[in-house]
Amino acid sequence: MGASKRIFESELIERKIKFNKIIKKIINILPYDYNFEIIENYIKKFYFFDYKELCDFKEYYDKKNKFLIKIKKKSRYEMPEISFLLKNLPIVKCLLKKETKEKYQKNYCESESKKLYSQFEKERENKNKKRYEKLSKAQELVQQVEPEFLDKLMGIYFRKNTSQENRMYLFSEVEKYYCQKTVDFFRKVHDTEYNNQLRERAFLRLQEWGHYIRLRKGKYIVIKTKNKKRREFIKKIYKNQTTSLKCTPKELEKRIEESLDQRIKSYDYFISHSSKNNNLVKEIKQIFNADNKNIYCDWISDNHYLKRTLISEATKIVINKRMEQSKELIFVDTPEARKSLWVKYELNYFYNLKKKMYVWNENIKSTEPMEDFWYMDNDYKKLKLF
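Residues numbered from 1 in each chain as written. Predicted model: local features only at pLDDT ≥ 70, side-chain atom pairs only at ≥ 80, totals over all residues. Heavy atoms only, no water.

**Q** Looking at this structure, how should I read the pairing of strand β4 (residues 357-361)?
**A** Look at any regular strand and the pattern is simple: side chains alternate between the two faces of the sheet. Counting buried positions over the five residues of β4 gives five, a clear majority of the element. Residue alternation in β4 divides its side chains into two sets, Met357, Val359 and Asn361 and Tyr358 and Trp360, and both sets are buried. Direction of pairing for strand β3 (residues 326-331) relative to β4: parallel, over a ladder of three bridges. Across the sheet, the residue bridging to Leu329 is Met357, located in β4. When β4 meets strand β5 (residues 366-369), the two strands line up antiparallel, connected through four bridges. Residue Tyr358 lies in a different strand from β5, and its bridge partner there is Pro369. Counting the residues that bridge the hairpin from β4 to β5 gives four residues, and of these Lys365 lies at a positive phi of roughly 55°. (Buried < 20%, exposed > 50% of the residue type's maximum accessible area, 1.4 Å probe, protein only. Helix = DSSP H or I, 4+ residues; strand = E, 2+ residues; numbered from the N terminus. Pairing = 2+ DSSP bridges.)

In structure tokens, the structure reads:
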């Protein structure tokens, strides 16, 4: 427990040093009559991601403190409010002194200050843009929604009898969703998981998503079992176990038949579309996620398995199952989609499930009931899809 507190204290010192350096970079662009609020706003504007990470750092340790208090233990991580922390940095204290401000104002040149501000603003915009694009790419195939089966997936992960291999498969399912629950899940895995591969994967996922994280060493993780055989297994075997996921349509078909994590899934909408309209589907995904709707799209929801180079009968079986697990269907009506045999197959299969079907109207960014039955084919099961 002492080690955890020492890690927190050393990280807090590191962050104070980091923000001291950041503030040194904005000194020359401060306005004539600056104050702490202006300094803080400049940090938020020009170092948005660094500021967010600091807030994330505070939130992380505040939650740990709340948990300690909840179980009636002593508070261990004293993290001040962000504004208080910044205001009490040595460099900020110095900047806010009367004599420092007077000296700054004496040498202040408005035209030079504006020039420096403009250059600095452009430089930071470019750097922030690159970081934003990197984060956006990491979340490109992720849905920002909490599906109803998410809690069950995470519950299966933390069962004592769940193997390291199955935990890897479960991890790959949970990471398809970006929400507070999944962030908390990966934090818990990172903080409590004794298996190196899983703990490192949780670290990488949080890092890619732009959250505060520092890779935790296994030696600091407590093994919560008194069973000697179990402890020995965890220390000597489980700790170093690794798994390479079998990412094929056949493997997914097998898991749908045998694994609870696949059987419990459900989707609000199955998106029937042409692969040539992927960018449009990404936009549709964002629109429905904003309304807390979980969509199914093969290259988003089963991207690990349903690679187009591996299309087979197993692919067809998986798609059938996903349509059965979906409440409604949305057809993305484009010229390319109308030429697709897969789309024709999906529409016929879903029609025979007697569920509601809609057409995406790109003009109004919404759906309309499907009334055009151009796709109807009694022999759709005989279509040569591959």
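**Q** What exactly am I supposed to notice about the nonpolar core here?
**A** Among soluble globular proteins, nonpolar side chains are generally buried collectively. Counting 58 residues, the largest nonpolar core has Phe186, Phe331 and Leu347 as the members making the most contacts within it. Among the elements that line this core, the one with the most residues is helix α19 (residues 341-352), at six residues. Setting aside its immediate chain neighbours within four residues, Leu347 contacts Ser272, Leu329, Phe331, Met357, Met370, Trp374 and Tyr375. (Core = buried A, V, L, I, M, F, W, Y, C linked by side-chain atoms within 4.5 Å. Contact = heavy atoms within 4.5 Å.)

**Q** Please clarify how the pattern of salt bridges should be interpreted in this entry.
**A** Where charged atoms of side chains with opposite charge meet at close range, the side chains can pair. All chains considered together, the criterion is met by 36 salt bridges. Of the charged contacts, one joins Arg255 and Asp261 as a salt bridge, the two residues approaching to 3.1 Å between their closest N and O atoms. Taking the relative accessible area as the measure of exposure, Arg255 reaches 6% and is therefore buried. If you follow the salt bridges from partner to partner, you end up with Arg15, Lys18, Asp50, Glu53 and Arg131 in one network. (Salt bridge = Lys/Arg side-chain N within 4 Å of Asp/Glu carboxyl O.)

**Q** Help me understand the packing of helix α3 (residues 48-70) against helix α10 (residues 180-192) in this model?
**A** In a packed pair of helices, the relevant descriptors are the angle between the two axes and the axis-to-axis distance. It is the contact of α3 with α10, at a shortest axis distance of 13 Å, that shows an interaxial angle of 70°. Comparing their axes, α10 and α3 come out roughly perpendicular. Considering only the axes of α3 and α10, their crossing is right-handed. On α10, the residues that touch Asp56, Glu59, Tyr60, Lys63 and Lys64 of α3 are Gln180, Asp184, Arg187 and Asp191. Partitioning the contact of α3 with α10 into residue classes produces one nonpolar, one polar and seven charged. (Axes fitted to C-alpha atoms, helices over the stretch in contact; angles between N-to-C directions. Parallel < 35°, antiparallel > 145°, perpendicular 65-115°, else oblique. Left-handed = near helix turned anticlockwise from the far one by under 90°. Nonpolar A, V, L, I, M, F, W, Y, C, P; charged D, E, K, R; others polar.)

**Q** What is the right way to read the layout of surface pockets from this model?
**A** A water-sized probe, rolled over the atoms, reveals where empty space remains. If you add up the space inside the largest pocket, you get close to 1,600 Å³. Of all the secondary-structure elements, those providing two or more residues to the lining of the largest pocket are α1 (2-26), α3, α10 and α12 (228-236). Of the residues that constitute the lining of the largest pocket, the class distribution is 21 nonpolar, four polar and 18 charged. (1 Å grid on protein atoms, 1.4 Å probe; cavity = no way out; pocket = protein on both sides within 12 Å on 5 of 7 lines; lining within 4 Å. Points joined across faces, edges and corners; volume = space filled by probe spheres on them.)

**Q** Please explain helix α17 (residues 313-325) as it appears in this structure.
**A** Working note: α-helix, 3.6 residues per turn, so residues spaced by three or four point in the same direction. End to end, α17 covers 19 Å across 13 residues, agreeing with the expected 18 Å (1.5 Å per residue, within 8%). Taken as a whole, α17 has its buried residues at Ala314, Thr315, Lys316, Val318, Ile319, Asn320, Arg322, Met323 and Gln325. (Expected span 1.5 Å × (residues − 1).)

**Q** Is there a simple way to think about the side chain of Arg124 in this case?
**A** In this fold, Arg124 is placed in helix α7 (residues 110-138). It is Asp50 that comes nearest to the buried, bridge-free Arg124 among opposite-charge side chains, at 4.3 Å. Filtering out sequence-adjacent residues up to four positions away, Arg124 remains in contact with Phe46, Tyr47 and Asp50. (Lys, Arg positive; Asp, Glu negative; His and termini not counted.)

**Q** How should I be thinking about the sheet that holds β3 in this particular structure?
**A** What links the strands of a sheet is backbone hydrogen bonding, and the strands pair in either a parallel or an antiparallel sense. Taking strand neighbours across the sheet as the criterion, the five strands line up as β2-β1-β3-β4-β5 in an open arrangement whose pairing is mixed. Sheet topology places β2 (295-296) and β5 at the edges, where each strand pairs with a single neighbour. Packing of helix α15 (residues 278-290) onto the sheet brings it into contact with β1 (267-272), β2, β3, β4 and β5, and relative to β4 it is tilted by some 110°. Seen against the sheet, α19 touches β1, β3 and β4 and runs at an angle of roughly 140° to β3.

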